[in-house]
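Architecture and fold: a report
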Amino acid sequence: MLLTKFTHSCIRLEKSSADSAEPAVLVLDPGSFSEADQALAGAQTVLITHEHQDHFDSKALATALAAEGSALQVWAPVGVAETLRSENPAAAERIHNAEPRQSFSAGGFEIRTFGGQHALIHASIPMVANVAYLVDDAVYHPGDSLTIPDGHNVDALLVPVHAPWSKSSEVIDFVLSVRAKQAFQMHDALLNQLGLGLVESHVGRLAATVGTTFRHLATLESVEI
């Protein structure tokens, strides 16, 4: 499986398909901070963790859903899915509710869901739904949460290294708890290169103590999983 990181939290996964000469393509969180149109090109499946615009670009998704011949299928938390269906009635049957503790097949990928709640930003700010996804029992995208996929070994962990709702100790404990074989940064658009380097140095050094290899991925860089 080929994993490509786009700006911030958008991830594209590709693998060969038994049913088509074209690869199976799944995109997680094509948001407004990301190169969403590029990430969505040729995708058959999209998974949205939550409603915040840095993870959910409604215009880019509407364009992809309405493209000629599109069979794009989208899974999102109930509120996001309802909004998408109301804004894209012609594609309503291709927009599905995602809730925690589900297992389903999507575009040649096997999906498990976790969590259900966005991390707390502040007591005065209402929390929204957040669904974390484990793809093919290999790649785990927690969205805006530090939810641990209990009972599952993870090959590649996507680590939200910086957010208004987190601190570095919590991020590091998340990595140490999941104990994935490898980990890559995401949710990194709010840091400049100096800040990102500092945070990643702590994450990488401590991740190694539990056998996790942490690697920085540049925007549009790909890695085989």
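Please read all numbers here as calculations on a predicted model, not as lab measurements.

Conventions adopted
- Residues numbered from 1 in each chain as written.
- Predicted model: local features only at pLDDT ≥ 70, side-chain atom pairs only at ≥ 80, totals over all residues.
- Heavy atoms only, no water.
- Phe/Tyr/Trp six-rings, centres within 6.5 Å; stacked < 30°, edge-to-face > 60°.
- Helix = DSSP H or I, 4+ residues; strand = E, 2+ residues; numbered from the N terminus.
- Lys NZ or Arg CZ within 6 Å of the ring centre and 35° of its normal.
- Salt bridge = Lys/Arg side-chain N within 4 Å of Asp/Glu carboxyl O.
- Buried < 20%, exposed > 50% of the residue type's maximum accessible area, 1.4 Å probe, protein only.
- Pairing = 2+ DSSP bridges.
- Axes fitted to C-alpha atoms, helices over the stretch in contact; angles between N-to-C directions.
- Contact = heavy atoms within 4.5 Å.
- Arc of directions from axis to C-beta.
- Parallel < 35°, antiparallel > 145°, perpendicular 65-115°, else oblique.
- Left-handed = near helix turned anticlockwise from the far one by under 90°.
- Nonpolar A, V, L, I, M, F, W, Y, C, P; charged D, E, K, R; others polar.

Applying the stated criterion across every chain yields a total of 2 aromatic pairs. Both rings, one in F114 and one in Y140, keep their centres 5.8 Å apart while their planes meet at 85°; by these two values the pair is edge-to-face. Of this pair, F114 sits in strand β8 (residues 109-117) while Y140 sits in strand β10 (residues 139-141), and the two are 26 residues apart along the sequence. Directly above the ring of F109 sits K15, whose terminal nitrogen or CZ lies 4.6 Å from the centroid.

Turning our attention to the pattern of salt bridges. All chains considered together, the criterion is met by 5 salt bridges. Between R12 and E14 there is a salt bridge, and its shortest N-O distance comes to 3.0 Å. In this structure R12 comes out as buried when scored by relative accessible area, which is 11%. For K15, the salt bridge is made with D136, and the minimal N-O distance between the two is 2.6 Å. Taken together, the residues span a long stretch of sequence, with K15 in strand β2 (residues 11-15) and D136 in the loop between β9 (129-135) and β10 at a distance of 121 residues. When its relative accessible area of 22% is taken as the criterion, K15 is described as partly exposed.

Taken together, 7 strands build an open sheet; the order of strands is β6-β5-β4-β3-β2-β1-β14 and the sheet is mixed. Two strands close off the open sheet at either side, each with one partner strand: β6 (95-97) and β14 (222-224). Neighbour-to-neighbour, the strand axes of this sheet turn through a mean angle of 20°, independent of strand direction. Sheet topology places strand β5 (residues 73-76) next to β6; 3 bridges connect them, and they run parallel. Looking at β6, one finds that V74 is bridged to I95. Strands in contact with helix α3 (residues 78-87) are β5 and β6; relative to β6, the strand with the most contacts, it is inclined by about 155°.

The next subject is helix α4 (residues 168-178). Among the residues of α4, those classed as buried are V171, I172, F174, V175 and V178. The buried side chains of α4 occupy one side of the element, clustering within an arc of 155° when seen end-on. Among the structural elements, β10, β11 (156-160) and α5 (193-207) are those in contact with the buried residues of α4. Positive phi shows up at R179, right after α4, with a value of about 55°.

Read across the open sheet, the 7 strands follow the order β7-β8-β9-β10-β11-β12-β13; overall the sheet is mixed. In the strand order of this sheet, the two ends are held by β7 (103-106) and β13 (213-215), each with one partner. Neighbour to neighbour, the strand axes of the sheet diverge by 25° on average, direction disregarded. Across 5 bridges, β11 lies against strand β12 (residues 182-186) in parallel orientation. Note on β12: the bridge partner recorded for P160 is M186. Strands in contact with α4 are β10 and β11; relative to β11, the strand with the most contacts, it is inclined by about 170°.

This part is about the packing of α4 against α5. When two helices pack together, their arrangement is given by the angle between the helix axes and by the axis-to-axis distance. Where α4 contacts α5, the axes come no closer than 10 Å and their chain directions differ by 30°. By the criterion of interaxial angle, the relationship of α4 to α5 is roughly parallel. For the pair α4 and α5, the sense of crossing is right-handed. Contacts from S168, V171, I172, V175 and L176 in α4 reach V199, H202, V203, L206 and A207 in α5. Taken together, the residues of the contact of α4 with α5 break down into 8 nonpolar, 2 polar and no charged.

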